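# Descriptive analysis of the structure
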Amino acid sequence: MAETQRTLAIVKPDAVAKGAIGEILRRIEAAGLRPIGLKLVQLSEGQARGFYAVHRERPFYASLVKFMTSGPVVVCALEGEQAIARWRQLMGATDPARADAGSIRKDLGTDVERNAVHGSDAPETARIELAYFFNATEIQGPVEALPG
Ligand code: CMP
């Protein structure tokens, strides 16, 4: 059954540095996903550590935090039918080498760390991740559907 969802998209520092913000937002809009919150932010080490806390025991955690604080990122709240799965499909697999042809990570990612974009993986994660970056006044939509 169709369900309107919200999800968090991040354009990571590698994609921002290569001038791909516009191309990624173009693909999002062409797919019918609607940006309802959008900003460019420089993550502090603490913010990056907190955002990826679920990965804190993984061997790539320190490197990931360093990468995510290496330059600005664009955080974007997306809304649409099945937005979580559709954004993940547009992104492609975590490792660009394994991502489907035509996906953002295949076309714009470099390796499993510098993979251009992030997306929430489930409704509960999306709610937490949206609230991490956006307060109620920064997201367009009905009050009852605001994150948090
Ligand atoms: P993301 O979808 O944002 O979620 C966790 C991030 O960790 C991932 O994208 C990559 O940027 C990074 N990462 C680095 N190495 C790995 C790895 N081996 N497996 C998964 N994620 C990795």
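Presented here is an overview of the structure given in this document. None of the values given here were measured: they were computed from a predicted structure.

Rules of the game
Residues numbered from 1 in each chain as written. Predicted model: local features only at pLDDT ≥ 70, side-chain atom pairs only at ≥ 80, totals over all residues. Heavy atoms only, no water. Near = heavy atom within 4 Å. Polar contact = N/O pair within 3.5 Å; in protein donor to acceptor, adjacent residues only side chain to side chain. Nonpolar A, V, L, I, M, F, W, Y, C, P; charged D, E, K, R; others polar. Core = buried A, V, L, I, M, F, W, Y, C linked by side-chain atoms within 4.5 Å. Buried < 20%, exposed > 50% of the residue type's maximum accessible area, 1.4 Å probe, protein only. Helix = DSSP H or I, 4+ residues; strand = E, 2+ residues; numbered from the N terminus. Contact = heavy atoms within 4.5 Å. Salt bridge = Lys/Arg side-chain N within 4 Å of Asp/Glu carboxyl O. Phe/Tyr/Trp six-rings, centres within 6.5 Å; stacked < 30°, edge-to-face > 60°. Pairing = 2+ DSSP bridges. Axes fitted to C-alpha atoms, helices over the stretch in contact; angles between N-to-C directions.

### Some details on the site of the ligand
Close contacts around the ligand come from Lys12, Tyr52, His55, Phe60, Leu64, Thr94, Arg105, Val112, Glu113, Asn115 and His118, and that covers them all. One of the side-chain nitrogen or oxygen atoms of Lys12 is found 2.7 Å away from an oxygen atom of the ligand. Separating an oxygen atom of the ligand from a backbone N or O atom of Glu113 is a distance of 2.8 Å. Of the residues assigned to the shell around the ligand, the class counts are 4 nonpolar, 4 polar and 3 charged.

### Thoughts on the nonpolar core
With 20 residues, the main nonpolar core has Leu8, Ile10, Met68, Val75, Phe133 and Phe134 as its most contacted residues. Counting only elements with at least two residues in this core, the list comes to β1 (4–11), β2 (34–41), α3 (45–51), α4 (61–68), β3 (73–81) and α7 (123–133). In terms of residue count, the dominant contributor to this core is α4 (5 residues). If sequence neighbours within four positions are ignored, Ile10 has contacts with Phe51, Met68, Val73, Val74, Val75, Ala116, Val117, His118 and Phe133.

### Section: the pattern of salt bridges
All told, the structure shown has 9 salt bridges when counted by the stated rule. A salt bridge links Asp107 to Arg27; the shortest N-O distance between them is 2.9 Å. Within this pair, whereas Asp107 is found in helix α6 (residues 104–108), its partner Arg27 is found in helix α2 (residues 21–30), the two being separated by 80 residues in sequence. Classification of Asp107 as partly exposed rests on a relative accessible area of 40%.

### Here we look at the environment of Leu38
Relative to the helices and strands, Leu38 is located in strand β2. With 11 residues separating them along the chain, Leu38 and Arg27 place their C-alpha atoms 15 Å apart.

### Points about the packing of aromatic side chains
Pairs of aromatic rings are described using the distance from one ring centre to the other and the angle between the two planes. Taken as a whole, this structure holds 4 aromatic pairs when the rule is applied. Geometrically, the ring pair formed by Phe51 and Tyr52 is edge-to-face, given 4.9 Å between the ring centres and 80° between the ring planes. Each member of the pair, Phe51 as well as Tyr52, carries the same accessibility label: buried.

### Some details on the sheet that holds β2
The antiparallel open sheet is built from 4 strands, whose spatial order is β2-β3-β1-β4. Sheet topology places β2 and β4 (117–119) at the edges, where each strand pairs with a single neighbour. Each strand axis lies, on average, 20° off the axis of its neighbour in the sheet, ignoring direction. Looking at chain direction, β2 and β3 are connected through 7 bridges and run antiparallel. From the neighbouring strand, Gly37 faces β3, where its bridge partner is Ala77. On top of the sheet, α2 reaches β1, β2, β3 and β4; it is set at about 165° to β2, its chief contact.

### Focus on the environment of Lys39
Positionally, Lys39 belongs in strand β2. For Lys39, a relative accessible area of 23% corresponds to the partly exposed category. Sequence separation of Lys39 and Ile10 is 29 residues, and the distance between their C-alpha atoms is 9.8 Å. Not counting residues up to four positions away in its chain, the partners in contact with Lys39 are Val73, Val74, Val75, Phe133, Phe134 and Glu138. Among the polar contacts made by the side chain of Lys39, one reaches the main-chain carbonyl oxygen of Phe133 at a distance of 2.6 Å. A polar side-chain atom of Lys39 sits 3.0 Å from a polar atom in the side chain of Glu138.

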